[in-house]
Amino acid sequence: MIVYILIVLGISIWYFDLLGKYTRLWKNISKQSRLPSKEVKSISIAIPFRNEENCLPGLIQSLQVMQTDGLEVEVLFVDDHSTDKSVELISRASFEWNVRVLTLEDAYGKKEALQLAWREAKGEIIVQTDADC
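So, a few notes on the structure that sits alongside this text. (Residues numbered from 1 in each chain as written. Predicted model: local features only at pLDDT ≥ 70, side-chain atom pairs only at ≥ 80, totals over all residues. Heavy atoms only, no water.)

1. Describing the pattern of salt bridges
Logical step 1: By the definition in use, this model includes six salt bridges.
Logical step 2: As a salt-bridge pair, Arg92 and Glu88 come within 2.9 Å of each other at their nearest N and O atoms. Within this pair, Arg92 and its partner Glu88 are both found in helix H3 (residues 86–92), separated by four residues, close to a single helical turn.
Logical step 3: Residue Glu120 pairs with Arg100 through a salt bridge whose shortest N-O separation is 3.5 Å. With Glu120 in helix H4 (residues 110–120) and Arg100 in strand E3 (residues 98–103), the pair connects residues that are 20 residues apart, well separated along the chain.
Logical step 4: Counted as one network, the salt bridges with shared partners bring together Glu74, Arg100 and Glu120. (Salt bridge = Lys/Arg side-chain N within 4 Å of Asp/Glu carboxyl O. Helix = DSSP H or I, 4+ residues; strand = E, 2+ residues; numbered from the N terminus.)

Structure representation (structure tokens):
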């Protein structure tokens, strides 16, 4: 019984020491490890979609309240042959940045939609998300 208590006590001391080390390391992380907005001036957001009429209002609302810290933002919605009112929803929305709706003509699928967005993007950094996020 005493051996069990000593083992548990030893593991507890080791665990709290480990947590203390992690806490000290976390506090020493430089704030410069974040994306420096002064070096990057523009960003493109690629969003492929197909029949996302139900999900787009939430995404549009999230984009409208997004804070960009002075970055020039371009949003590229890529329509992958939607048959609902997705394009109309995007067209009616108001954004403070450049928003374009691109249409896949001869190709199909998310991969092709993203490739089109990458070719058309003008930002220094390209990020992508799904329309149902």
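Additional details are given in the paragraphs that follow.
2. What about the nonpolar core?
Logical step 1: With 19 residues, the main nonpolar core has Ile47, Leu56, Leu63, Val75 and Phe77 as its most contacted residues.
Logical step 2: For this core, the secondary-structure elements that each account for two or more residues are strand E1 (42–49), helix H2 (56–64), strand E2 (72–79) and H3.
Logical step 3: Ile47 has contacts with Leu59, Leu63, Val75, Leu76, Phe77, Val78, Thr129, Asp130 and Ala131, leaving out every residue within four places of it along the chain.
Logical step 4: Formed by 10 residues, the second largest nonpolar core is a distinct cluster that contains Leu76, Val78, Leu102 and Ala121. (Core = buried A, V, L, I, M, F, W, Y, C linked by side-chain atoms within 4.5 Å. Buried < 20%, exposed > 50% of the residue type's maximum accessible area, 1.4 Å probe, protein only. Contact = heavy atoms within 4.5 Å.)

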